[in-house]
Structure formats: structure tokens, C-alpha cells
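Topology and contacts: notes
What follows is the residue order along each chain.
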Amino acid sequence: MDLTPLKAALADVVAIPVTPFAADGTIDTAAHRGLLRRLLDGGVRILTPNGNTGEFYALTPEERRTVTELTIDEVGGRATVLVGVGHDVPTAVAAAEHARDAGAEMVMVHQPVHPYVSQDGWVDYHRTIAEAVPGLGVVPYIRNPQLDGERLAALADSCPNVIGVKYAVPDAARFAAFARDAGLDRFVWIAGLAELYAPAYFSAGATGFTSGLVNVAPGVSLAMLEALRAGDHPSAMKVWEQIRRFEELRADGQSANNVTVVKEALASLGLCRREVRPPSRVLPEERRAEVADEVAGWSI
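Heads up: these notes are all about the structure in this document. Predicted model, so just to flag it, every value in this text is computed and none were measured.

Counting buried residues along strand 5 (residues 137–142), six of its six residues qualify, which places the element largely inside the surrounding structure. Bridge count for strand 4 (residues 106–109) against strand 5 is four bridges, and the pairing is parallel. Within the sheet, the bridge partner assigned to Val-109 lies in strand 5 and is Pro-140. Crossover connection from strand 4 via helix 5 (residues 119–132) to parallel strand 5: handedness right-handed. Across two bridges, the pairing between strand 5 and strand 6 (residues 164–167) is parallel. Note that in strand 6 the partner of Ile-142 across the bridge is Tyr-167. Following the chain from strand 5 across helix 6 (residues 149–158) to the adjacent parallel strand 6, one finds a crossover that is right-handed.

Set out below in C-alpha cells:
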């Protein structure tokens, strides 16, 4: 199996689409398709349905399958689809197999949700999922600062389809060390904390970054990627300065409004409703204007 095309696809803006809801609380499939088309028309070439910005943990298993199928259908070969999977091992394996059968090329494995995660257990969790879908690329989503890079290398030794890493520990020095301990050239390193961390992580070896902001302004995210690829740090930082406040609003309160702010921006543009599901909440009305003002000057 030639994994080169999948690795190349990961070295990009990895878009995490929102999941829009209708007035009755169900998934608004028409709005969802419209947002996906907007991303594709804006130049996005890899999408992660069922990511955290898509409210993965607030969706039912049936809804996650719907999001996967709808995304693959709407993409229609115009982009690579990296489906988010997770929860308990049988659920994650079933979701990965469904993604494969629906036509996805890769899966991203959400961080294990468990109060007691051993490093060897982390390897076992991911190995079981990766071995179930040997024909798919597998991308672990790492948020655990205690995990050693050697564990990732051990996972890839037994599962060669583990080809990329979404690294989301907010520590650039830790990322640099982890990537080198695991094998800097062995994996595609994705800055998993989006545009705000992308310049620092690119300087340490990342070649792609995730984005929720891209739902709002694809051109802004792609402009940062272009600058980073060219090694033009000043231009990348100009984009960083432009989007800084928006990303800080998302990160406020331990990222309590991560999805909320993105949906509020989309609502201000008339692209979908602002509703999110608990434990997230919509912004208070008095704060909504700030979000609209932030995006008003962007190249939408």
C-alpha cells in the first residue's frame, strides 16, 4: 500500500467542519452540505467530519454515521476525508470500519476518554483500531503531555498505516522533543491547536495544522499555510495577528466556547444557526457583536 498520497494530503489545512443543527435540534443536512461546498470551493482539500469542532462527543452514533456519509458524498472526490472515531474500543473500531466502507481514506482517533490512561494501554487502544482497518491511514490525536514519543514509534512498528499525528499539547518545546523521539521524518506532524499555534509548531517540524476557523474564512487559513510553507514567518504572523482575538475567544475558559464562537461567526454571516449542544452553550447576546466585528474585516 502506497501511503505517500495520504501523507501529502495531511500536510495541509486540515479543516474540522461544524455540524449545523436545525430549529428542532436535528442535524441540518442542507446547511451542512452548503458549508462543506463552501470549504471545497474555498480551496480546502482535507476535511475531518466528526472532529471536536463538529461536536463529536455530543452526537449520537447514528448521527456520526450520517455526518460521515454526508461528508463523503458531498466531497465526491474533491478532497481527502479523515473521519474522527473514538469512545470505547468496539465503538471506535465500528466507526473506523464504517468510514472505510463509506469511502473514507483515513481516520483520526480521538484521545481516549478515560480517567486512567497508561502509556502501554494507549498503544493497545490505537493498535486495535489501526489493525481493524489496515487499508486506511490512521492519525492519532494526542492531547496527553505525559505520552512518550517512543510509544508512538512502537505503535507504528506494528501498524504501518499510522502515518500522521495531530499533536495538541500546548507546548512547542514538548512537541519538538516528542516528534524527534517518535521520528520526525516518519510521520506527518499536524499542529492540532490550529492557527494560533501553527507558526511555532511549524518551526519545530509540523507541516499541517487543523482549523475550525476555516469554516468561517477559508482564505485566511490558506493564506497562513502558504506563508508557512514558503518560510515567510512575518507574513504568517500577520495572519496570526489578524485572527488572534477570534482564537482567544474560542480558547477562553479552557476552550468552553471553541465551537460556540465558530458557529456564532457563521450565524453572523447567515450560513447556519448558532445553536450548539450541551455541555457547550451559545454566547450571551451581549458578546455576539464582538464575534461579528472580528470577522467583518476578514477576506470571507
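Following the structure, the description resumes.
Buried residues of helix 6: Gly-149, Leu-152, Ala-153, Leu-155 and Ala-156, and no others. Along the axis of helix 6, the buried residues cluster in a sector spanning 160°; they form a single face.

Attention shifts here to the packing of aromatic side chains. Scanning the model with the defined rule gives 10 aromatic pairs in all. Residues Phe-187 and Trp-189 carry aromatic rings whose centres are separated by 5.7 Å and whose planes lie at 75° to one another, so their mutual orientation is edge-to-face. Like Phe-187, the residue Trp-189 is buried in the burial classification. Ring geometry for Phe-202 against Phe-209: centres 6.3 Å apart, planes inclined by 65°, an arrangement best described as edge-to-face. Accessibility assignment for this pair places Phe-202 and Phe-209 in one class, buried. Ring-pair connections join several aromatic residues into one group, and the members of that group are Tyr-167, Phe-175, Phe-178, Phe-187, Trp-189, Tyr-197 and Tyr-201. The ring centre of Phe-56 lies 5.2 Å from the NZ or CZ of Arg-64, which sits over that ring. Taking the ring centre of Tyr-141 as reference, the NZ or CZ of Lys-166 above it sits at 3.9 Å.

Take the layout of surface pockets next. The gaps of empty space that remain are located by a probe, the size of a water molecule, rolled over the atoms. Estimates place the volume of the largest pocket at around 1,000 Å³. Along the wall of the largest pocket there are 33 residues; nearest its centre are Asn-52, Tyr-141, Arg-143, Ser-255 and Asn-258. Looking at the lining of the largest pocket, the elements with two or more residues in it are strand 8 (208–211), helix 10 (233–255) and helix 11 (258–268). Element by element, the count of residues in the lining of the largest pocket is highest for helix 10, at five residues. Here the residues of the lining of the largest pocket sort into 16 nonpolar, 11 polar and six charged. Volume-wise, the second largest pocket comes out at about 170 Å³. Lining the second largest pocket are 14 residues, with Pro-61, Arg-64, Arg-65, Thr-91 and Ala-95 sitting closest to its centre.

What follows concerns the packing of helix 3 (residues 61–75) against helix 4 (residues 89–102). Interhelical geometry of helix 3 versus helix 4 gives an angle of 25° and a closest axis separation of 10 Å. One finds that helix 3 runs roughly parallel with respect to helix 4. The interaxial crossing formed by helix 3 with helix 4 has right-handed handedness. Residues Arg-64, Arg-65, Thr-68, Glu-69 and Ile-72 of helix 3 touch helix 4, and the partners they reach there are Thr-91, His-98, Ala-99 and Ala-102. Tallied by class, residues from the contact of helix 3 with helix 4 come to three nonpolar, three polar and three charged.

For the rest of this paragraph, the subject is the nonpolar core. By size, the foremost hydrophobic cluster in this structure holds 79 residues, and its most contacted members are Leu-152, Trp-189, Phe-209, Phe-246 and Trp-298. Element by element, the count of residues in this core is highest for helix 10, at six residues. By size, the runner-up hydrophobic cluster in this structure holds 17 residues, among which are Leu-6, Ala-9, Ile-46 and Ile-163.

For the pair helix 6 and helix 7 (residues 172–182), the least separation of the axes is 7 Å and the interaxial angle reads 35°. Judged by the twist between their axes, the crossing of helix 6 over helix 7 is right-handed. Only Phe-178, Asp-181 and Ala-182 of helix 7 make contact with helix 6, whose side of the interface consists of Gly-149, Glu-150, Leu-152 and Ala-153.

With that settled, consider the side chain of Thr-80. By the element assignment, Thr-80 lies in strand 3 (residues 80–85). The class of Thr-80 is buried, set by a relative accessible area of 12%. Filtering out sequence-adjacent residues up to four positions away, Thr-80 remains in contact with Ala-9, Arg-45, Ile-46, Leu-47, Glu-105 and Met-106.

Reading the values: the criteria
- Residues numbered from 1 in each chain as written.
- Predicted model: local features only at pLDDT ≥ 70, side-chain atom pairs only at ≥ 80, totals over all residues.
- Heavy atoms only, no water.
- Buried < 20%, exposed > 50% of the residue type's maximum accessible area, 1.4 Å probe, protein only.
- Helix = DSSP H or I, 4+ residues; strand = E, 2+ residues; numbered from the N terminus.
- Pairing = 2+ DSSP bridges.
- Right-handed = clockwise from strand over helix to strand, strands pointing away.
- Arc of directions from axis to C-beta.
- Phe/Tyr/Trp six-rings, centres within 6.5 Å; stacked < 30°, edge-to-face > 60°.
- Lys NZ or Arg CZ within 6 Å of the ring centre and 35° of its normal.
- 1 Å grid on protein atoms, 1.4 Å probe; cavity = no way out; pocket = protein on both sides within 12 Å on 5 of 7 lines; lining within 4 Å.
- Points joined across faces, edges and corners; volume = space filled by probe spheres on them.
- Nonpolar A, V, L, I, M, F, W, Y, C, P; charged D, E, K, R; others polar.
- Axes fitted to C-alpha atoms, helices over the stretch in contact; angles between N-to-C directions.
- Parallel < 35°, antiparallel > 145°, perpendicular 65-115°, else oblique.
- Left-handed = near helix turned anticlockwise from the far one by under 90°.
- Contact = heavy atoms within 4.5 Å.
- Core = buried A, V, L, I, M, F, W, Y, C linked by side-chain atoms within 4.5 Å.

Purely geometric stuff here, so don't read any function into it on its own.
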